[in-house]
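Chains, contacts and geometry: an overview
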Amino acid sequence: MTREVDYDIAIIGCGAAGTAAALAAAEKAKEENKNIRIAIIERADFNNRGGNTRWTAAYMRMENIDQPAPNFKEDMLAFSDNYSDRAYIETLYDLAGPTLRWVESKGVGFDYLPTMFLTASKPRLLPVGGGRAIIDTLSLRARALNVEIIYEATAWNLGLNDDGAVESLKIRVKGGDSITLNVDSVILAAGGFQGSQEMMAQYIGRDAHKIPPVAEGGYYNKGEAIRMAQHLGAKGAGQWDSFHAEPVDPRSKREEAGVMTYPYAILVNQHGERFTDEGEATIDEQYEAVARKIFYDQPGHIAYMITDQKLYDIPNYEEALQTEQPPVVSDTIEGLAEQLNINPENLKKTVEDFNQAVQPGQFLWNRKDGKQAVGIEPPKSNWAIPIDQGPFIAYPIVCCNVFTNGGIATDVHGRVVSNDNEPIPGLYAAGEMTGLYYGKYPGGTSVLRSLVFGKRAGEHAVHYVASTEKTYS
């Protein structure tokens, strides 16, 4: 059965970008006394809505609610080797503070709450209640302004009219029924493609199906919205063969079960060998590279954090150890190795060599302390302390996928642009389905840009719809 329904603006996705777009559009329509019908299309049911946003702590790279962190623009460009869109980044910088104030005015509080990063080079502002507070608050406000939310529905076809402008969106609802939405504008806010084994294999490559999403919400991000835009000639952006990586405990059923205590320990592979400088930088500046080394370079795509009882002396260590699973414990290194299926002699020698290489100096848990281990390969630059106080402990670590980097290109208004760099009339995109990142991820910018450009796309879509002079009474 096929039905037709009329809307002015349809938004695909109920995460940070989608709810910001919906609320901003509804507010702009009310402000300008426009009768504009708006709907959000959400694949999940109510209890699982919100994609990645629902599960994230939503770190913001902000010095305070009004001011982005120092070197915000410079870092974002440098981390991408200047491949990222400069105008987009400058717009993000300029609108970050005002957008967060707008979110705050809707009822979301912000504070400097404890994070996984016991050492950090940049400040992190957090919404109280995490990403879920954002979607719950913004969607409630949007509903109060008559925005409809269609749950358990998947968009599968986007249509243009003879002038190349958006005119229809086809969706399937639970049970298989197809509905055609007659629309003037569509805002794509459906996240990346980490939930699609096909797209992961196509763009990320061999064994990509073995990279789990960081949270359950990632499984809903299957890339159809990206495919639909590509089918219409949308330009791509971002590094398609890459993703934001994070080291997590593979045993955990929790979202974002990060193991961020390894700078105070050593990391070994299945051969019992160290493979990285665990203390190279503050944790926020190195964890992604370490996660990539684990997946791409280590046998079995797994590593193990090896340490001892001194871990429990580190203040707030629990914040940096987000898994709910207990450590693997043994009174001896050899016993630990046997439980991890590592050659006991290899692991014992690795630990002994490391202990002998540790240099004197003061251990400072909360900043780079220069306490090194030298004469071994690789060396350790900071936080080198002997592993000699049993019982000894270990945590397994794998690389997970926080979000994919490749996506759709937009201009600074959130308009999707074609391969000829012309806006596709009526088509917008925001959030993790838009391509921005290359190389190293500048932490604390993903949810931030989702809010900034979701809001911007929603407001611009209202102006676009009003210019078509077609609204429904």
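Residues numbered from 1 in each chain as written. Predicted model: local features only at pLDDT ≥ 70, side-chain atom pairs only at ≥ 80, totals over all residues. Heavy atoms only, no water.

Geometrically, the link from Glu-377 to Pro-378 is a cis peptide bond, its omega value of -5° lying close to zero. Pro-391 follows Gly-390 through a cis peptide bond whose omega is 0°. Relative to the elements of secondary structure, Pro-391 occurs in the loop between helix H10 (344–357) and strand E18 (392–404). Its identity as a non-glycine residue notwithstanding, Ala-58 has a phi of 65°, on the positive side. Here Ala-58 shows up in the loop between helix H2 (51–55) and strand E4 (62–64). Look at Asn-146: it is not a glycine, yet its phi comes out positive at around 75°. As for its position among the elements, Asn-146 is in the loop between helix H5 (130–144) and strand E8 (148–151). (Helix = DSSP H or I, 4+ residues; strand = E, 2+ residues; numbered from the N terminus.)

This part is about the environment of Ala-39. Structurally, Ala-39 can be placed in strand E3 (residues 38–42). Measuring from C-alpha to C-alpha, the distance between Ala-39 and Asn-146 comes to 8.9 Å, with 107 residues separating the pair along the chain. With residues up to four places along the chain from it excluded, the contact list for Ala-39 reads Tyr-7, Ile-9, Ala-10, Ile-11 and Glu-148. (Contact = heavy atoms within 4.5 Å.)

As enumerated under the stated definition, the model contains 1 cavity of 30 Å³ or more in all. Around the largest cavity, the lining residues are Met-76, Ser-80, Ser-84, Ile-89, Leu-436, Tyr-437, Tyr-438, Lys-440 and Pro-442. Along the lines of polarity and charge, the residues of the lining of the largest cavity split into 6 nonpolar, 2 polar and 1 charged. (1 Å grid on protein atoms, 1.4 Å probe; cavity = no way out; pocket = protein on both sides within 12 Å on 5 of 7 lines; lining within 4 Å. Points joined across faces, edges and corners; volume = space filled by probe spheres on them. Nonpolar A, V, L, I, M, F, W, Y, C, P; charged D, E, K, R; others polar.)

Okay, the nonpolar core next. Core analysis: the largest hydrophobic core is formed by 85 residues, its most contacted members being Ile-9, Met-60, Leu-100, Ile-134, Ile-306 and Leu-451. Counting residues in each nonpolar core, the second largest holds 42 residues, with Leu-169, Met-228, Phe-243 and Ala-245 among its members. (Core = buried A, V, L, I, M, F, W, Y, C linked by side-chain atoms within 4.5 Å. Buried < 20%, exposed > 50% of the residue type's maximum accessible area, 1.4 Å probe, protein only.)

What follows concerns the sheet that holds strand E21 (residues 423–429). Across the sheet, which stays open at both edges, the 6 strands sit in the order E8-E3-E2-E12-E21-E20 with mixed pairing between neighbours. The outermost strands of the open sheet, each flanked by one partner alone, are E8 and strand E20 (415–417). Taking each pair of neighbouring strands and ignoring which way they run, the sheet shows an average axis angle of 30°. (Pairing = 2+ DSSP bridges. Axes fitted to C-alpha atoms, helices over the stretch in contact; angles between N-to-C directions.)

This part covers the UniProt feature "domain: FAD-dependent oxidoreductase 2 FAD-binding" (unreviewed entry) in the protein. Mapped onto this numbering, the UniProt entry annotates "domain: FAD-dependent oxidoreductase 2 FAD-binding" (unreviewed entry) at residues 8–446. As a span, residues 8–446 carries 27% helix and 21% strand, and end to end its C-alpha atoms are 28 Å apart. (UniProt positions renumbered as here; feature names shortened; annotations may be inferred.)

We now examine the packing of aromatic side chains. Going through the model one piece at a time under the given rule, you end up with 16 aromatic pairs. A centroid spacing of 5.0 Å and a plane angle of 85° characterise the contact between Phe-295 and Tyr-296, whose relative ring orientation is edge-to-face. Residue classification places Phe-295 among the buried residues on the basis of a relative accessible area of 4%. Pairing Tyr-312 with Tyr-317 gives two aromatic rings, centres 5.3 Å apart and planes at 65°, and the pair type is edge-to-face. Ring pairs connect the aromatic residues Tyr-59, Phe-117 and Tyr-287, which therefore count as one cluster. Its end group placed over the ring of Phe-243, Arg-292 keeps NZ or CZ at 5.2 Å from the ring centre. (Phe/Tyr/Trp six-rings, centres within 6.5 Å; stacked < 30°, edge-to-face > 60°. Lys NZ or Arg CZ within 6 Å of the ring centre and 35° of its normal.)

Quick look at the layout of surface pockets now. By volume, the second largest pocket is sized at about 280 Å³. Taken together, 19 residues form the lining of the second largest pocket, with Pro-212, Pro-213, Val-214, Ser-252 and Arg-254 sitting closest to its centre. Grouping the amino acids of the lining of the second largest pocket by side-chain chemistry returns 11 nonpolar, 1 polar and 7 charged.

Turning our attention to H10. In this model, H10 (14 residues) spans 20 Å end to end at C-alpha, consistent with the 20 Å of a helix rising 1.5 Å per residue. Within H10, the full set of buried residues consists of Leu-347, Thr-350, Val-351, Phe-354 and Ala-357. What you see down the axis of H10 is that its buried residues fit within an arc of 130°, all on one side. Exposed and facing more than 90 degrees away from the buried side of H10 are Glu-345, Lys-349 and Gln-356. Contact partners of the buried residues in H10: strand E15 (266–268), strand E16 (303–307) and helix H9 (333–340). Between a side-chain oxygen at the N-terminus of H10 and the backbone nitrogen of Glu-345 the separation is 3.0 Å; the capping residue is Asn-343. (Expected span 1.5 Å × (residues − 1). Arc of directions from axis to C-beta. Polar contact = N/O pair within 3.5 Å; in protein donor to acceptor, adjacent residues only side chain to side chain.)

This part is about the side chain of Asn-382. Topologically, Asn-382 is positioned in the loop between H10 and E18. A residue is classified by how much of its surface remains accessible, and Asn-382, at 7% relative accessible area, is buried. In terms of polar contacts, Asn-382 uses its side chain to reach the backbone carbonyl oxygen of Gly-279, at 2.9 Å. Of the polar contacts made by the side chain of Asn-382, one reaches the backbone nitrogen of Asp-369; its length is 3.1 Å.

Here the focus is the pairing of strand E11 (residues 178–182). Each regular strand shows side chains that alternate between the opposite faces of the sheet. Counting buried positions along E11 yields 5 of 5 residues, so the element is predominantly enclosed. Side-chain alternation along E11 places Ser-178, Thr-180 and Asn-182 on one buried face and Ile-179 and Leu-181 on a second face that is also buried. When strand E10 (residues 166–173) meets E11, the two strands line up antiparallel, connected through 5 bridges. Bridging across to E11, Ile-171 finds its partner in Ile-179. In sequence, E10 turns back onto E11 through a hairpin of 4 residues, with Gly-175 there showing a positive phi of about 100°.

Further remarks concern the packing of helix H3 (residues 72–79) against helix H4 (residues 86–105). It is the contact of H3 with H4, at a shortest axis distance of 10 Å, that shows an interaxial angle of 150°. Of the possible angle classes, the one that applies to H3 and H4 is roughly antiparallel. For the pair H3 and H4, the sense of crossing is right-handed. Residue-level contacts link Phe-72, Lys-73, Met-76 and Leu-77 of H3 to Arg-86, Ile-89, Glu-90, Leu-92 and Tyr-93 of H4. Class assignment of the residues belonging to the contact of H3 with H4 gives a composition of 6 nonpolar, no polar and 3 charged. (Parallel < 35°, antiparallel > 145°, perpendicular 65-115°, else oblique. Left-handed = near helix turned anticlockwise from the far one by under 90°.)

A word on the packing of helix H1 (residues 16–31) against H5. Here H1 crosses H5 at 25°, and the two axes come no closer than 9 Å. Judged by the angle between their axes, H1 and H5 are roughly parallel. The two elements H1 and H5 meet at a crossing, and its hand is left-handed. Across the interface between the two elements, Ala-16, Thr-19, Ala-20, Ala-22 and Leu-23 of H1 pack against Ile-134, Ile-135, Leu-138, Ser-139, Arg-141 and Ala-142 of H5. Classifying every residue of the contact of H1 with H5 gives 8 nonpolar, 2 polar and 1 charged.

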